[in-house]
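Geometric and topological summary
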Amino acid sequence: MFSELTQAMIINGAVLTATLHSDLGRARKIGPMRVLRPLGIAAGVIPLFLDPIVTHGAGLAVELAGVAVGLLAGLGALALLHVYRSPRTDRPVSRAGWGYALLWTTVVGVRAAFSYGSAHWFPDQLASWCQAHQVSGAAITNALIFMAVVMLTVRTGGLTLRALRLPAVEPGRATGPALARR
């Protein structure tokens, strides 16, 4: 059917599209589907591509580097995502703008370019590097998956925690629905 590279590109595009569709704009509702959808995507991607985890040597270091980059990128995305209570509904909502979109597009684009390049632009150089450093192709694939999943998970977990930590609406305060009733 599709090559592994084509499947990876489709998944990269789907994750980017779903994330930007979910987060971009003002007053984006934070509800169960917004939290569960990315986790479902991550759970669906892992079994398709993840090879057995390398547990030693340079391969493990490459996988851990993928986790670290995913963590940093996820925290960067979270820093660009503003969580607040809607003045209309008093429910948690978020706002993300062009900086957020640019970060996600750049990270996914670099990951896709590396995947494409490893098959078409620099396969011999990558194979030589892997051999010289005793890193398997599986470790590189795993690192890219870990990077994507950790970034998505950090964004989702952070979004959820920030929404849960918003101060409660004070009883009797005339905002949102109560304000509309006046």
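The paragraphs below set out a description of the structure included in this document. (Residues numbered from 1 in each chain as written. Predicted model: local features only at pLDDT ≥ 70, side-chain atom pairs only at ≥ 80, totals over all residues. Heavy atoms only, no water.)

Topic: helix α1 (residues 4–23)
For α1, spanning 20 residues, the distance from its first C-alpha to its last is 28 Å, which sits close to the expected 28 Å at 1.5 Å a residue. Listed in full, the buried residues belonging to α1 are Ile 11, Asn 12, Val 15, Leu 16, Thr 19, Leu 20, Ser 22 and Asp 23. Around the axis of α1, the buried residues are gathered within 165 degrees of arc, so they sit on the same side. Residues of α1 that are exposed and point more than 90 degrees away from the buried face comprise Thr 17 and His 21. Looking at the buried side of α1, the elements it contacts are β1 (25–29), α2 (32–49), β2 (81–85), β3 (92–96), α4 (98–120) and α6 (137–164). (Helix = DSSP H or I, 4+ residues; strand = E, 2+ residues; numbered from the N terminus. Expected span 1.5 Å × (residues − 1). Buried < 20%, exposed > 50% of the residue type's maximum accessible area, 1.4 Å probe, protein only. Arc of directions from axis to C-beta. Contact = heavy atoms within 4.5 Å.)

Considerations on the nonpolar core
Of all hydrophobic cores here, the largest spans 27 residues; its most connected members are Leu 20, Leu 81, Val 83, Tyr 100, Trp 104 and Met 151. Mapped by element, the contributors of at least two residues to this core are α1, α2, α3 (57–79), β2, α4 and α6. Here the element with the most residues in this core is α6; it accounts for seven residues. Filtering out sequence-adjacent residues up to four positions away, Met 151 remains in contact with Gly 70, Ala 73, Gly 74, Ala 77, Trp 104 and Val 107. The next biggest cluster of nonpolar side chains, apart from the first, holds eight residues, and it includes Val 62, Cys 130, Val 135 and Ala 139. (Core = buried A, V, L, I, M, F, W, Y, C linked by side-chain atoms within 4.5 Å.)

Things to note about the pattern of salt bridges
Using the criterion set out here, one finds two salt bridges in the structure. Among the salt bridges present, the one from Asp 23 reaches Arg 34, with a minimum N-O distance of 2.6 Å. Residue Asp 23 is located in helix α1, and its partner Arg 34 is located in helix α2; the two are separated by eleven residues in the primary sequence. Here Arg 34 falls in the buried class, since its relative accessible area comes to 5%. As a salt-bridge pair, Asp 23 and Arg 155 come within 2.6 Å of each other at their nearest N and O atoms. Here Asp 23, found in helix α1, pairs with Arg 155, found in helix α6; they are 132 residues apart in sequence, far enough to count as distant. Comparing Asp 23 with Arg 155 shows no difference in burial state: the two are buried. Salt bridges sharing common partners tie together Asp 23, Arg 34 and Arg 155. (Salt bridge = Lys/Arg side-chain N within 4 Å of Asp/Glu carboxyl O.)

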